[in-house]
Amino acid sequence: MKKQNEASVILPYRYFILGIFFLFVSVIHSDYLGAKTSSYSPASGASRLVARRESNDPLAVPIAATDISLRPKTPNAPLVLMSISGGGSRAAYYAACVMEQLAQIRLPGSRGSVLDEVRVISGISAGSLAGAWFTLHYHERHEPDFFERFKAAMATNLLWRSYGHMVVFPPLALELVATPITRTDLLANEIEHLLGAGGVTFEGLRALECDPADPAPILIINGTLLNSGQRFVMTNLPAKRFPPQVDLKTSKVRVSPRDRQILEHLVQPLTFEDIGSDIRSFRVARAVAASAAYPIALAPLRLTIYSDKIPPELRGRSNEALRESRYLYVADGGVYENHGIDPFMSVLRTVDRRQPVLLIVIDGSQRMETVQVTRHKIWDPFSVIRKLYDIGVFRPLAFYPQIVKEFHDPSSFDGIFIRMEGYDPKHDALLQRIPTLFKLSRTHREALDIAAQENVARMQQTLQSAYQRLRRR
C-alpha cells in the first residue's frame, strides 16, 4: 500500500517534468527556426511578468467634431486605402513583406512610393498588428533597417512570449485562475512590447495620424461583437464616418419588422462612441489583442457600456438590449469578415462620390479549397472552425463591387488584390500549409518573402496604371 501511495505521488511529478521538457524543446525548436535568422526582437527581455487589465473610460466630452481629414496625401491624386487580412503571423509577416515591396514602387506625380500614399489602413487580427506597427513607426520608414525590424517583429513567437512565461513565472498562471485576467490580456501586454512604442493610446496614435508635415495612415482595428454580431471598429475616426455598409431602405425584400431591425444593425458598424466610451485613453495594444481574440482559443475583450453617455444621435445604431447591457464582448475581427474591406464600405459613403479612390488589399489568408473526399473523413474541431471561417469571410468578396457602385462613381474607384500565392505547385503547397498561429519557422518566412516579391511584381503594372488613371488632370 505504501509503494502504491508513493507511486501515485511520484507519477504526477514525472508528467509535470515531462511536460516542461517538451514545452522547452518545442519553444527552442520554433525560436531556432523562426527568430534566429535575425538578431532583432522587440519583445526579447521585455516580458511583463505581471499582467494588467484596465477598463475603458466613459465619454466625458462629445468627440464627434474631432474628425480627421481623408484628403489624398498628394494633391489631385487618388485617396489610397489599404486593408490587411487576418491569418496569424503568416498574414502579419506577409503584409510586412508586401509593404517592403510597395515601398520600392514609385508613382508618377506623387511625393514618393505607393506606401507613402496610403492614407488609411484597416486591419483584421494579425493584420491589425502589422498595421499598428507600421503606423507607430511610420516616421522611421526610410531608415535602412526599417523593414528588417518590421519583419522580425511580425515573426516573433507570441505564443511563447504570452503563455510560455507561465512556466518560468508561475504567478502568471495563478492570475489566470484567481483573477479576471485572461489570456487575451496577456497577449495584449506582449503586443505592447512588440509594438515598441510604450503604452501608446489612441490619443498618442492620433498625434501621428494628424502630423501636419507627414501624417501617418489612419488606423482602423476591427473586431466582432459577440453580443450582437456587429462590426466593432477601434479607430480615431468618429462614429459619423461609419454609416451602415448597405442601404436597406431601398431594399425590396420584405421581412418582419424584427428581422429588418436585426439586418439593419448587422450592417451598422459600432465605435467606442456608440457605447458611450472615449477611445483616446484606450491602449492600441489592447485593441490589436481584441481583434486577434480567436474564439475558444482566446477570451473576448470585455468593455464597459456607459449607456447614459451615448450621444442621442447614435442611439438608433444599436438595439436597446445592447445599450442596456453592462458589458460588450469583442472577439476576432475575422468572425465578421477577414479582409478588413467592410469598414471602407462605410467610410466611402462619407466622401465625395467622385473622389478618386484606390483600394489595395493585402491578403495573407489561405484559399478556401474544395476538399476532395475519396473515403470516410472525420473532421476534427479545428478543421471545422477553420472551414466555417473560410466560408463566411470569402463570400462577401463577390458582392463588394456591386455595393460600391451604389454610392461611389465606378469610374473613380479601383481595387487591387495582392494575394499570397505561389507560382509553382511546391511553393504554393508550402504556403497553404503555414498554420494560422502567432509563430513562424525560418522555412515559412523564406517562402513568404519569395511569395511577396512575386505577387507584387505581377501586380505592379496594374497598380501603377490604376493610380495613373485615377489621377485628376
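Conventions used here
Residues numbered from 1 in each chain as written. Predicted model: local features only at pLDDT ≥ 70, side-chain atom pairs only at ≥ 80, totals over all residues. Heavy atoms only, no water. Helix = DSSP H or I, 4+ residues; strand = E, 2+ residues; numbered from the N terminus. Buried < 20%, exposed > 50% of the residue type's maximum accessible area, 1.4 Å probe, protein only. Contact = heavy atoms within 4.5 Å. Areas by Shrake-Rupley, 256 points an atom, 1.4 Å probe, with all protein chains shown as cover. Axes fitted to C-alpha atoms, helices over the stretch in contact; angles between N-to-C directions. Parallel < 35°, antiparallel > 145°, perpendicular 65-115°, else oblique. Left-handed = near helix turned anticlockwise from the far one by under 90°. Nonpolar A, V, L, I, M, F, W, Y, C, P; charged D, E, K, R; others polar. Patch = residues over 30% accessible without salt bridge, like charges linked within 9 Å, V, L, I, M, F, W, Y side chains within 5 Å. Salt bridge = Lys/Arg side-chain N within 4 Å of Asp/Glu carboxyl O. Core = buried A, V, L, I, M, F, W, Y, C linked by side-chain atoms within 4.5 Å.

Overview of the overall build of the chain
Right, on to step 1. Counting its regular elements, the chain contains 16 helices and 10 strands.
Right, on to step 2. Per-residue burial over the chain gives 52% buried out of 473 residues.
Right, on to step 3. Across the chain, every contact between residues at least 6 apart in sequence was considered, and the portion connecting residues at least 24 apart equals 82%.
Right, on to step 4. Carbon and sulfur atoms form 58% of the exposed surface of the chain, whose accessible area is close to 22,000 Å².

Thoughts on the packing of helix 3 (residues 126-136) against helix 10 (residues 284-291)
Right, on to step 1. Following both chains from N to C, one finds helix 3 and helix 10 inclined at 160 degrees, their axes separated by 8 Å at the closest point. In terms of axis orientation, helix 3 runs roughly antiparallel to helix 10. For the element pair helix 3 and helix 10, the recorded crossing hand is right-handed. Of the residues in helix 10, those in contact with Ser 128, Leu 129 and Ala 132 of helix 3 are Val 284, Val 288 and Ser 291.
Right, on to step 2. Looking at the contact of helix 3 with helix 10 residue by residue, the classes come out as four nonpolar, two polar and no charged.

Thoughts on a nonpolar patch on the surface
Right, on to step 1. Together, Val 253, Val 255, Ile 262, Leu 263 and Leu 266 line one region of the surface with nonpolar side chains, adding up to about 380 Å² of accessible area.
Right, on to step 2. With respect to the element layout, Ile 262 can be found in helix 9 (residues 257-266).
Right, on to step 3. Since its relative accessible area comes to 43%, Ile 262 is described here as partly exposed.

What to know about the nonpolar core
Right, on to step 1. Among the nonpolar cores identified, the biggest contains 88 residues, and Met 82, Met 99, Phe 150, Met 154, Phe 232 and Met 234 are the most heavily contacted of them.
Right, on to step 2. Apart from the residues within four sequence positions on either side, Phe 232 is in contact with Ile 221, Asn 222, Gly 223, Leu 225, Leu 270, Thr 271, Phe 272, Ile 275, Leu 303, Leu 328 and Val 330.

Here we look at helix 3
Right, on to step 1. Counting buried positions along helix 3 gives 11 out of 11 residues, so the element sits mostly inside the fold.
Right, on to step 2. For helix 3, the complete set of buried residues consists of Ala 126, Gly 127, Ser 128, Leu 129, Ala 130, Gly 131, Ala 132, Trp 133, Phe 134, Thr 135 and Leu 136.

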